[in-house]
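Take a look at the letters that make up each chain.
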Amino acid sequence: MSFSTRVKTDIVSLNFKNKCCKKAFFHGALMGADISDGSVTLKVSEPEVADLLTYIASTVFKIKEMDISETKRGFCNTITMKFCLPTAIKLLSDIDSGVDTDEVFDSLFACNSCLSYFFCGLFCAVGSVSDPEKSYTLELSLPNIAQHILLPQPMILDSEVL
């Protein structure tokens, strides 16, 4: 198991402080999603991350139908989740069209911990980190849609979450 996978496994085992934090985590993961044909497609590599996102989708967002498929290539897994969530489609469309992201994100972060959970979701969906004993590199591979994100300033993350 890679260091990055261990970190993601630790993140998904966190106790979310509030329902708003679950939403923030989910929206962070959505930053790695694609929109096509009125559906959101989100791909992750860890089954634990897919399980948590599926749980949040069904309990918090009341998504009843979600197509889930898994592809394996060598040591790499890709779990694809496809679902319809109009608010997510609007969020990603607004970001892609250049709407003021301060307004978009202000509506997502209801408590002081939400921003930290947002980044946890973002990392779990599109991030990797190297073992700090060897080197220290954090990477986020964002699709074109997320290039428009201007994060709120100042960025203070909840150290209890991270």
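Read on for a plain summary of the structure. Model, not experiment: these values are computed from the prediction.

Describing the nonpolar core
Item 1. Residues Phe25, Phe26, Val44, Leu53, Ile56, Phe83 and Phe109 are the most contacted members of the largest nonpolar core, which totals 50 residues.
Item 2. Residue contributions to this core peak at 11 residues, all from helix H6 (residues 114-126).

A few points about the pairing of strand S2 (residues 39-44)
If a strand is regular, its side chains alternate between the two faces of the sheet.
Item 1. Burial of S2 is extensive: 5 of the 6 residues sit out of reach of the surface.
Item 2. Between strand S1 (residues 34-36) and the antiparallel strand that follows it, S2, lie 2 residues; Asp37 among them carries a positive phi value of about 50 degrees.
Item 3. Taken together, the 5 bridges between S2 and strand S4 (residues 76-83) define a ladder with antiparallel strand orientation. Residue pairing for S4: Val40 is matched across the bridge by Phe83.

Here's the deal with a negative patch on the surface
Item 1. Taken together, Asp100, Asp102, Glu103 and Asp106 make up a surface patch of like negative charges.
Item 2. Residue position: Asp100 is located in the loop between helix H4 (86-96) and helix H5 (101-108).
Item 3. Of the residues examined, Asp100 reaches a relative accessible area of 40% and is grouped as partly exposed.

Quick notes on the sheet that holds strand S3 (residues 66-73)
Item 1. Ordered in space as S1-S2-S4-S3, the 4 strands form an open sheet in which the pairing is antiparallel. Of all the strands in the sheet, just S1 and S3 have a single pairing partner and so form its edges. Pairs of neighbouring strands in the sheet enclose a mean axial angle of 25 degrees, with direction left out of account.

Some words on the side chain of His27
Item 1. Tracing the chain through its elements places His27 in helix H2 (residues 19-30).
Item 2. With a relative accessible area of 8%, His27 lands in the buried category.
Item 3. Dropping the residues within four chain positions of it, His27 is found in contact with Phe61, Leu91, Leu108 and Phe118.

Each value, and the rule that gives it
Residues numbered from 1 in each chain as written. Predicted model: local features only at pLDDT ≥ 70, side-chain atom pairs only at ≥ 80, totals over all residues. Heavy atoms only, no water. Core = buried A, V, L, I, M, F, W, Y, C linked by side-chain atoms within 4.5 Å. Buried < 20%, exposed > 50% of the residue type's maximum accessible area, 1.4 Å probe, protein only. Helix = DSSP H or I, 4+ residues; strand = E, 2+ residues; numbered from the N terminus. Pairing = 2+ DSSP bridges. Patch = residues over 30% accessible without salt bridge, like charges linked within 9 Å, V, L, I, M, F, W, Y side chains within 5 Å. Areas by Shrake-Rupley, 256 points an atom, 1.4 Å probe, with all protein chains shown as cover. Salt bridge = Lys/Arg side-chain N within 4 Å of Asp/Glu carboxyl O. Lys, Arg positive; Asp, Glu negative; His and termini not counted. Charge placed at Lys NZ, Arg CZ, Asp CG, Glu CD. Axes fitted to C-alpha atoms, helices over the stretch in contact; angles between N-to-C directions. Contact = heavy atoms within 4.5 Å.

Read these as layout, nothing more, since geometry by itself doesn't imply function.
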